[in-house]
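The residues making up each chain are set out below.
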Amino acid sequence: MSGGWTCSHMIGNYCELIKKTCNPGDKGCTLYGKALFSNPDTPSNDAVKRREEIEKKRKERGYF
């Protein structure tokens, strides 16, 4: 069984949300900072790591 995901902002290979060619994980994409990608150069990967670090610090300080 295979799964898939379709972006509601994508028209062909064009992102209607950020007004440029679709590149999943770029800043402005709905997946930015929410998903890790196999391409290590995707900006989303850095954002996910920063988010995890912030959450870890909040837990350590008792903010959760």
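Everything below is about the structure shown above.
These numbers come from a predicted model, not from an experiment.

J.: Got a sec to walk through the overall build of the protein? Specific residues and values, please.
T.: Counting secondary structure elements, the protein contains one helix and three strands. Counting helices and strands in the order they occur from the N terminus, the protein gives β-β-β-α. Here the protein has a C-alpha radius of gyration of 15 Å; the compact-globule value for 64 residues is 11 Å, and the former is much larger. Seen through its principal axes, the protein has C-alpha atoms that stretch 45 × 35 × 20 Å. Counting only residues that meet the buried cut, the protein has 17% of its 64 residues in that class.

J.: Run through the sheet that holds strand S3 (residues 20-21), naming residues and quoting values.
T.: Across a sheet, paired strands are connected by hydrogen bonds in the backbone, their directions being either parallel or antiparallel. Strands sit in the order S1-S2-S3 across an open sheet of three strands; the sheet is antiparallel. One side of each edge strand has no neighbouring strand; the edge strands of this open sheet are strand S1 (10-11) and S3. Relative to strand S2 (residues 14-15), S1 is paired through two bridges, and the arrangement is antiparallel. Looking at the pairing, isoleucine 11 lines up with tyrosine 14 of S2.

J.: Could you give an account of the environment of asparagine 45, naming the residues involved and the relevant values?
T.: As for its position among the elements, asparagine 45 is in helix H1 (residues 43-61). On the accessibility criterion, asparagine 45 (5% relative accessible area) is buried. For the pair asparagine 45 and glycine 25, spaced 20 residues apart in sequence, the C-alpha separation works out to 7.9 Å. In contact with asparagine 45, not counting residues within four places along its chain, are Ala35, Leu36, Phe37, Asn39 and Pro40.

J.: Mind laying out the pattern of salt bridges, listing which residues take part and the relevant values?
T.: Scanning the model with the defined rule gives two salt bridges in all. Two residues, glutamate 16 and lysine 19, come together in a salt bridge whose shortest N-O distance is 3.3 Å. Glutamate 16 gets classed as partly exposed once you look at its relative accessible area, which sits at 36%. Between lysine 20 and aspartate 26 there is a salt bridge whose closest N-O contact spans 3.4 Å.

What counts and how
Along each chain, residue indices are assigned from 1 in the same order as the chain's sequence is written. Where totals are concerned, whole chains, interfaces and linings use all residues; where local detail is concerned, this predicted model gives features only for residues with pLDDT of at least 70, and gives and counts side-chain atom pairs only at 80 or more. Side-chain calculation: all heavy atoms of the structure are included, whereas hydrogens and water are not. Every helix listed is a DSSP run of H or I at least four residues long, and every strand listed is a run of E at least two residues long, numbered separately from the N terminus. Computation of the radius of gyration draws on C-alpha atoms alone. For the globule rule, the value is 2.2 Å times the number of residues to the power 0.38. Summary of the burial criterion: residues with accessible area below 20% of their type's maximum are buried, those above 50% are exposed, and those between are partly exposed, where the area comes from a 1.4 Å probe applied to protein chains only. Criterion used throughout: strands pair if DSSP finds at least two bridges between them. It only takes one pair of heavy atoms within 4.5 Å for two residues to be counted as in contact. Definition used for salt bridges: Asp or Glu carboxyl oxygen within 4 Å of a side-chain nitrogen of Lys or Arg.

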